[in-house]
Amino acid sequence: MAAPSAASRPALPPRGLMAADRGRRMPGVCGMHPDHQEALKRNRVVLAKQLLLSELLEHLLEKDIITLEMRELIQARVGSFHQNVELLNLLPKRGPRAFEAFCAALRETKQAHLEDLLLTTLSGLQHVPPPLSCDYDLHLPFPVSESCRPLKQPRLSADPMEHSLDSGDGPPCLQVKPCTPEFYQRHRQMAYRMQARTRGLALVLSNVRFTGEKDLEFRSGGDVDHSTLVTLFKLLGYDVRVLHDQTAQEMQEKLHSFAQLPAHRLTDSCIVALLSHGVEGAIYGVDGKLLQLQEVFRLFDNANCPSLQNKPKMFFVQACRGDETDRGVDQQDGKSQAGSPGCEESDASTEGLLKTRLPTRSDMICGYACLRGTAAMRNTKRGSWYIEALARVFCERACDMHVADMLVEVNALIKEREGYAPGTEFHRCKEMSEYCSTLCRHLHLFPGQPPT
């Protein structure tokens, strides 16, 4: 391809201005101009196939666009294509200088044809980049993953728009099907008590805007998840409390206060929903610090929350548990069947005890949006895949199905869903939810029963 003349190339901002801007703003805090991101996105496949990284990474390292740790992470990928994808995922997060430095590195490593490709694309875009001063909106409305790593160990992922395979462009209008009197009478003896007019207290904690030093992204679509769960839990008969944008310390303190509310003594159950960025075993506060999930569970166990002893406690966690995108595998012909794992019981004699003893933690069920080590997906208009599936199943089946079985239905919906973002690592990506349980009876929500 013929190189465009110097006159036809769009002017990039002067180096002096960019260097001064760097002194005022950390890379990743300001961000790459949207037109530069679009130029990279439109040429992503060609760049992923043709980039030669051996010298290019050294130039980017010299220009402080990437760190030593980032170079090692890129080089750890198997094959040049996957290494190139990792770099392309990283570049949009590396500040306003990243695009110019990348183009310069292409020239210096005899890959000027790729620079020309980018600049030609850039010249065709509607907007010519102004001086990069972070005056434009940096919260691009299309992140698809709940996983955000700190700058020193970045999660090398772009923020491509998730083109949903489903119809609709917003949260659904929720309506819970009522339970019939016959179903209630037939199942109530084998289920947890669920007769209080207010079924229990529910807490929805949603962190959307992050201000710490971890470079955690704005959770676009998080407000949809929050509204969906508040509406769902109210329809199911719960007294809903909400918390927005809490630090790790605030989350711990307010969860403790919620667990100690005297009102739990008068109810039959409890719900806690946590919506945030996360890692395995913990979720982020808006200050970039972590709250361990085991600490959350501890606050509601039989020792620390006696008001909820022998009552079911439901937890729902919409957060990543790692930074790996599940790319899925192709199903082979034929069916495979896995046996159900057995459950080993252990009985202990209660001889000599004066009162019934409880294990420290019981009667809990926790639904996770994704598997250990993987990222959770979120649609910026409709909310996260998991919360959308959860609301759909609970609205349809709470009338005739207990919670554990409903979470199996949620798993089935998540299993079938697939991302659509051609040219990015998220194209045809998958997610798999799961749950763990120490419930000792069936947990039916019996919406609308018994009659008041």
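Residues numbered from 1 in each chain as written. Predicted model: local features only at pLDDT ≥ 70, side-chain atom pairs only at ≥ 80, totals over all residues. Heavy atoms only, no water.

Glancing now at the sheet that holds strand β4 (residues 278–279). With antiparallel pairing, the 3 strands of this open sheet are ordered in space as β4-β5-β6. Whereas interior strands pair on both sides, the edge strands pair on one side only; in this sheet they are β4 and β6 (290–292). Taken together, the 2 bridges between β4 and strand β5 (residues 282–284) define a ladder with antiparallel strand orientation. Along β5, the bridge assignment pairs Val-279 with Ala-282. Of the strands in this sheet, β5 and β6 are in contact with helix α11 (residues 248–259), which crosses β6 at around 35°. (Pairing = 2+ DSSP bridges. Helix = DSSP H or I, 4+ residues; strand = E, 2+ residues; numbered from the N terminus. Contact = heavy atoms within 4.5 Å. Axes fitted to C-alpha atoms, helices over the stretch in contact; angles between N-to-C directions.)

Turning our attention to the sheet that holds strand β3 (residues 269–275). Backbone hydrogen bonds hold the strands of a sheet together, and the pairing may be parallel or antiparallel. Taken in spatial order, the 6 strands line up as β2-β1-β3-β7-β8-β11 in an open sheet, and their pairing is mixed. Two strands lie at the open edges of the sheet, namely β2 (238–244) and β11 (434–437), each paired on one side alone. Shown here is a sheet whose adjacent strand axes are inclined to one another by a mean of 10°, direction ignored. Here 6 bridges tie β3 to strand β7 (residues 313–318), and the two strands are oriented parallel to one another. Residue pairing for β7: Ile-271 is matched across the bridge by Met-314.

Here the idea is simple: oppositely charged side chains can pair when their charged atoms come close. Summed over the entire model, instances satisfying the criterion amount to 17 salt bridges. Close ionic contact of Arg-107 with Glu-115 constitutes a salt bridge, the shortest N to O distance being 2.5 Å. For Glu-418, the salt bridge identified is with Arg-428, shortest N-O distance 2.8 Å. Here the residue Glu-418 occupies a position in the loop between α14 (403–416) and β11, and Arg-428 occupies one in the loop between α14 and β11, the gap between them amounting to 10 residues. Among the charged side chains, a network of salt bridges with common partners joins Glu-280, Arg-321, Arg-372 and Glu-434. (Salt bridge = Lys/Arg side-chain N within 4 Å of Asp/Glu carboxyl O.)

A few words on the packing of helix α2 (residues 34–42) against helix α8 (residues 112–124). Relative orientation of the contacting elements α2 and α8 amounts to 125°, with a least axis distance of 9 Å. In terms of orientation, α2 and α8 fall into the oblique class. Crossing of α2 against α8: the hand is right-handed. Note on element contacts: α8 touches α2 through Leu-118, Thr-121 and Leu-122, opposite Asp-35, His-36, Ala-39, Leu-40 and Arg-42. In terms of residue class, the contact of α2 with α8 is made up of 4 nonpolar, 2 polar and 2 charged. (Parallel < 35°, antiparallel > 145°, perpendicular 65-115°, else oblique. Left-handed = near helix turned anticlockwise from the far one by under 90°. Nonpolar A, V, L, I, M, F, W, Y, C, P; charged D, E, K, R; others polar.)

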